[in-house]
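Each chain is listed here by its residues.
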Amino acid sequence: MSLLKKFCMAVFGFLVVISCLTTVAAVLGSFHFWLFLHLPAKPSLEKRQFFIPPKTGAWPVARLLESEGVIRDARTFYLLCWFENSLHRLQAGEYAFSTLYGPQQVLDQLVNGKVVIHTVTLPEGSTLWDVARILDQKDLASQDEIIRIAENAELARSLEINANGLEGYLFPDTYLFKKPVSSTYIATTMVKRFWQRLPAEWRQRGKELGLSLHQIVILASIIEKEAAVDSERPIISGVFYNRLKINMPLQSDPTAVYDIPGFSGPVTAAHLSRGSPYNTYRIKGLPPGPICSPGAKSIRAALYPDKVPFLYFVSNNDGTHHFSVTVEEHRNAVAHYYELKKKAAEATRNSPPELIDR
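Owing to the predicted nature of the structure, the values given are computational and were not obtained by experimental measurement.

Asks: So what exactly am I meant to see when it comes to the nonpolar core here?
Replies: In summary, soluble globular proteins display a tendency toward joint burial of nonpolar side chains. Of all hydrophobic cores here, the largest spans 58 residues; its most connected members are I161, L166 and M190. Counting residues per element, the ones that place at least two in this core are α5 (128-137), α6 (143-150), α7 (153-158), β4 (174-177), α8 (183-196), α10 (213-226), α11 (233-245) and α14 (296-303). It is α10 that provides the largest number of residues to this core, a total of 7 residues. Ignoring any residue separated from it by four or fewer positions in sequence, one finds L166 in contact with I149, A150, L155, A156, L159, I161, A187 and V191.

Asks: What exactly am I supposed to notice about the packing of helix α9 (residues 200-208) against α14 here?
Replies: A pair of packed helices can be characterised by two numbers: the angle between their axes and the separation between those axes. Where α9 meets α14, the closest approach of the two axes is 9 Å, and the angle between their N-to-C directions is 35°. Once α9 is placed against α14, the crossing between them reads as left-handed. Where α9 approaches α14, its residues W202, R205 and G206 are matched on the opposing element by A296, I299, R300 and L303. Considering only residue class, the contact of α9 with α14 consists of 4 nonpolar, 1 polar and 2 charged.

Asks: Can you help me understand the pattern of salt bridges in this one?
Replies: Between side chains of opposite charge, pairing is possible as soon as their charged atoms come close. By the definition in use, this model includes 12 salt bridges. A salt bridge links E224 to R233; its shortest N-O distance comes to 3.2 Å. With a closest N to O distance of 2.7 Å, K297 and D230 form a salt bridge. Taken together, the residues K297 in helix α14 and D230 in the loop between α10 and α11 connect sequence positions 67 residues apart. Look at K297 and you get exposed, because its relative accessible area is 52%. The structure contains a network of salt bridges with shared partners spanning E224, D230, R233 and K297.

Asks: Quick question: what am I supposed to make of the pairing of strand β2 (residues 93-98) here?
Replies: For a regular strand, side chains alternate in direction, first toward one face of the sheet and then toward the other. By the criterion of burial, β2 is predominantly enclosed, with 5 of the 6 residues buried. Bridge count for strand β1 (residues 47-52) against β2 is 6 bridges, and the pairing is antiparallel. Residue pairing in the sheet places Q49 in a bridge with A96 of β2.

Asks: I keep staring at the packing of aromatic side chains and nothing clicks. Help me out?
Replies: Each aromatic ring pair is described using two quantities: the centre-to-centre distance and the angle formed by the ring planes. Here the structure, examined in full by the defined rule, presents 14 aromatic pairs. A ring pair is formed by W59 and Y78, whose centres lie 6.0 Å apart and whose planes are at 90°; its orientation type is edge-to-face. Here the residue W59 occupies a position in helix α2 (residues 58-67), and Y78 occupies one in helix α3 (residues 74-83), the gap between them amounting to 19 residues. Looking at W59, the relative accessible area reads 33%, which means it is partly exposed. Look at W82 and F83: their rings are 5.2 Å apart centre to centre, the planes differ by 55°, and that puts the pair in the tilted class. In this pair, the class of W82 matches that of F83, namely exposed.

Asks: Help me understand the side chain of S126 in this model?
Replies: Counting through the fold element by element, S126 comes out in the loop between β3 (118-121) and α5. Of the polar contacts made by the side chain of S126, one reaches the backbone oxygen of P123; its length is 2.6 Å. Every residue in contact with S126, bar those within four places of it in the chain, is listed here: V131, E167, C292 and S293.

Thresholds applied
- Numbering of residues begins from 1 in every chain and follows the order in which that chain's sequence is written.
- The predicted origin of the model limits local features to residues at a pLDDT of at least 70 and limits the giving and counting of side-chain atom pairs to 80 or more, whereas totals for whole chains, interfaces and linings rest on all residues.
- By convention in this description, side-chain values take in all heavy atoms of the structure and omit both hydrogens and water.
- Take the buried residues of types Ala, Val, Leu, Ile, Met, Phe, Trp, Tyr and Cys, join any two whose side-chain atoms come within 4.5 Å, and each joined set is a nonpolar core.
- Note on classification: 1.4 Å probe, protein chains only; a residue is buried when its accessible area is under 20% of the maximum for its type, exposed when over 50%, partly exposed between these limits.
- The numbering of helices and of strands both runs from the N terminus, where a helix is a DSSP run of H or I of at least 4 residues and a strand a run of E of at least 2.
- The criterion used for residue contact is that any of the two residues' heavy atoms lie within 4.5 Å.
- To get an axis, fit a line to the C-alpha atoms, keeping to the stretch in contact for a helix; angles then go from 0 to 180 degrees between the N-to-C directions.
- Two helices crossing with the near one rotated counterclockwise from the far one by less than a right angle form a left-handed crossing, whereas a clockwise rotation gives a right-handed crossing.
- Throughout, the ten residues Ala, Val, Leu, Ile, Met, Phe, Trp, Tyr, Cys and Pro are labelled nonpolar, Asp, Glu, Lys and Arg are labelled charged, and all others, Gly among them, are labelled polar.
- A carboxyl oxygen of Asp or Glu within 4 Å of a side-chain nitrogen of Lys or Arg is what we treat as a salt bridge.
- Pairs of strands are assigned from DSSP output, requiring at least two bridges between the strands.
- Two rings belonging to Phe, Tyr or Trp (six-membered ring only in the last case) form a pair when the distance between their centres is within 6.5 Å. Interplanar angles under 30 degrees mark stacking, angles over 60 mark edge-to-face geometry, and anything in between is tilted.
- The definition of a polar contact used here is a pair of N or O atoms within 3.5 Å, where within protein one atom must be able to donate a hydrogen and the other to accept one, and adjacent residues in sequence count solely through side-chain atom pairs.

And the structure:
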């Protein structure tokens, strides 16, 4: 056998070996990729929630997913992104993944931007401090930042609010937010909801009453804090209008404690005598601003008060009120209220311990 023939056979054998090795590697690589696509990161169900910053590239995202235990291998996931033409389509935001997701599910979620939606519900009667606390607890905005923005007179004017802040206009409703979200966007969204829920005829009605919209919101906020039963809102509104007509102080307990940080009842005689521009026991007319965010029912009550003869009302200790025309009748109702409170306190002290059914 000639030397050339031996050399050719050796080269051929080498190529055959290389081809076989390449084939085996391709098969093993394909099998690895197939396993990667069909196996979750972990065999047990766990939740992984984290934030992907804007302008994060596909490779850093893949490494983050691997470090968080969402995928098994960052390199293979990056290869999947390349195959799917998704290297530049991954969206930023806060995501929640299951460790049982396959890589394709993870990629689809990132490409489609299926981020975590945060639900925020503001109850009627929420003050600015309540709103700030709720948003802080939801980790959507810091409490101090929300208060700072809501007290920005320039922002208030830009949102067509004729006041020095947003108190009263952060409409109580349920909101959906995605991270990242700015505090200004949150506050603006709530004010826009206020305008959306304010029918045009309501704005005209305020003019008919000789009151500005801001004055209506102030009165509605007091009604919101006083009324627990919807049917009583227009009655309480009528009482306040009667007092305003005769220049009688509104004497609303919630106004006396509005500007006390972190206040939680009960309201005492000392609170009612404290010097505060909001204390309607000390001032006549409306306070300088709303004391909470009123709901639509209280705004409507402020615009359409019942025509009632009453000047006074006091709690029945069950959410309803006793309404009176004369001060003598009112004093009797107040005495009855305190008697009810006394009996309730005694019943609580003398009640037997609750039985536990074991």
